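Chain residues, written in single-letter form:
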Amino acid sequence: MDEKPVPSSPAVSDRMSVARRRDTAAEMLVRREAHRRGLRYRVDSPLPGMPRRRADMLFTRAMVAVFIDGCFWHACPIHQTWPKANSSWWANKLLKNVERDRDTDRRLDEMGWVVLRYWEHEDPVEVTDHIEVTVRGPTRGGSGA
Ligand SMILES: [Zn+2]
């Protein structure tokens, strides 16, 4: 049921590999920026209670799980495209991905984790700003109060 179809054309094949590459690039930019700011995290780490699912970045002490979702694979509302070839397989596949994302969010939330999800098209510096505030808390390093 979850078998991969052979890409039906060079275009589909290209899109599959480009989507994968972009996933990695977006993650790498955020990881590098977070690391530069002194944030420490686990990379591509299995999730608590869900050994087959992974977060892109896991802050175990702060209990924050970060996902940088690829626009294609996670059905970004702005950039989502639905391949014409093998369309029902793709629709099923992508909808399953989204369902699994929501299920993962819910289960982490029930365990007391904070779930942060970003799209690969988001600005890596802004994404890192948000991660940093969430992990460190708004008061850390602030003056006054
Ligand atoms: Zn997008």
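Before going into details, it helps to say that this report is about the structure given with it. Just so you know, these numbers come straight off a predicted model, no measurement behind them.

### Some remarks on the side chain of Thr128
Here is step 1 of the chain: Examined against the element boundaries, Thr128 turns out to sit in helix α3 (residues 124-136).
Here is step 2 of the chain: For Thr128, the residues in contact, after removing those within four places along its chain, are Val30, Glu33, Ala34 and Arg37.

### Details of α3
Given 3.6 residues per helical turn, the α-helix brings residues three or four places apart onto the same face.
Here is step 1 of the chain: Between its first and last C-alpha atoms α3 spans 18 Å; for 13 residues at 1.5 Å apiece the expected length is 18 Å, and the two agree.
Here is step 2 of the chain: Within the span of α3, buried status applies to Val127, Thr128, Ile131 and Glu132. Buried residues of α3, viewed axially, fall in a sector of 135 degrees; they line one side.
Here is step 3 of the chain: For α3, the N-terminal capping position is held by Asp123, with its side-chain oxygen 2.7 Å away from the main-chain nitrogen of Val125.
Here is step 4 of the chain: Within two residues after α3, Gly137 carries a phi angle of roughly 90 degrees, on the positive side.

### With respect to the nonpolar core
Here is step 1 of the chain: Judged by nonpolar contacts, the single largest core of 14 residues is most densely connected at Met57, Phe59, Val66, Ile68, Tyr118 and Ile131.
Here is step 2 of the chain: Counting residues per element, the ones that place at least two in this core are α1 (10-36), β2 (50-59), β3 (64-69), β4 (114-119) and α3.
Here is step 3 of the chain: Those residues in contact with Ile131, other than ones at most four positions away along the chain, are Val30, Met57, Phe59, Val66, Leu116 and Tyr118.
Here is step 4 of the chain: Judged by nonpolar contacts, the second largest core, of eight residues, contains Ala55, Leu58, Ala65 and Leu108.

### Brief notes about the coordination of the zinc ion
Here is step 1 of the chain: Each protein donor to the zinc ion is listed here as Cys71 (SG), Cys76 (SG), His79 (ND1) and His121 (ND1); together their distances run 2.0 to 2.4 Å.
Here is step 2 of the chain: If you look at the zinc ion, its four donor atoms make angles of 104 to 118 degrees with each other, and the shape they trace is tetrahedral.
Here is step 3 of the chain: Classification of His121 by relative accessible area gives partly exposed; the value is 34%.

### Description of the packing of aromatic side chains
Here is step 1 of the chain: Tallied over the entire structure, the rule returns five aromatic pairs.
Here is step 2 of the chain: The interplanar angle of 50 degrees and the centroid separation of 5.7 Å between the aromatic rings of Trp73 and Trp90 together place this pair among those described as tilted. On the criterion of sequence distance, the pair formed by Trp73 in the loop between β3 and α2 (87-110) and Trp90 in helix α2 is long-range, its members being 17 residues apart.
Here is step 3 of the chain: One aromatic cluster in this structure is built from Phe72, Trp73, Trp89 and Trp90.
Here is step 4 of the chain: Sitting over the ring of Phe67, Arg117 keeps its end group 4.1 Å from the ring centre.

### Describing the pairing of strand β1 (residues 42-47)
Here is step 1 of the chain: Here β1 runs beside β2; their pairing, made up of five bridges, is antiparallel. Of the residues in β2, the one forming a bridge with Pro46 is Arg54.
Here is step 2 of the chain: Linking β1 back to β2 in an antiparallel pair, the connection comprises two residues, with Gly49 at a positive phi of about 75 degrees.

### Observations concerning the side chain of Glu27
Here is step 1 of the chain: Among the structural elements, Glu27 can be located in helix α1.
Here is step 2 of the chain: When neighbours within four sequence positions are excluded, Glu27 is seen to be in contact with Asp56 and Ile68.

### A few points about α2
Here is step 1 of the chain: Over its 24 residues, α2 runs 35 Å from end to end, which matches the ideal 34 Å to within 8%, given 1.5 Å per residue.
Here is step 2 of the chain: The complete set of buried residues in α2 reads Trp89, Trp90, Lys93, Leu94, Asn97, Asp101, Asp103, Thr104, Asp105 and Leu108.
Here is step 3 of the chain: Two residues or fewer after α2 comes Gly112, characterised by a positive phi angle close to 90 degrees.

The rules we used
Residues numbered from 1 in each chain as written. Predicted model: local features only at pLDDT ≥ 70, side-chain atom pairs only at ≥ 80, totals over all residues. Heavy atoms only, no water. Helix = DSSP H or I, 4+ residues; strand = E, 2+ residues; numbered from the N terminus. Contact = heavy atoms within 4.5 Å. Expected span 1.5 Å × (residues − 1). Buried < 20%, exposed > 50% of the residue type's maximum accessible area, 1.4 Å probe, protein only. Arc of directions from axis to C-beta. Polar contact = N/O pair within 3.5 Å; in protein donor to acceptor, adjacent residues only side chain to side chain. Core = buried A, V, L, I, M, F, W, Y, C linked by side-chain atoms within 4.5 Å. Donors = N, O, S within 2.8 Å, 3.2 Å for Na, K, Ca; no water. Tetrahedral: all angles 85-135°; square planar, octahedral: opposite > 155°, others 65-115°. Phe/Tyr/Trp six-rings, centres within 6.5 Å; stacked < 30°, edge-to-face > 60°. Lys NZ or Arg CZ within 6 Å of the ring centre and 35° of its normal. Pairing = 2+ DSSP bridges.

Honestly, that's just the spatial picture; any functional story needs more than this.
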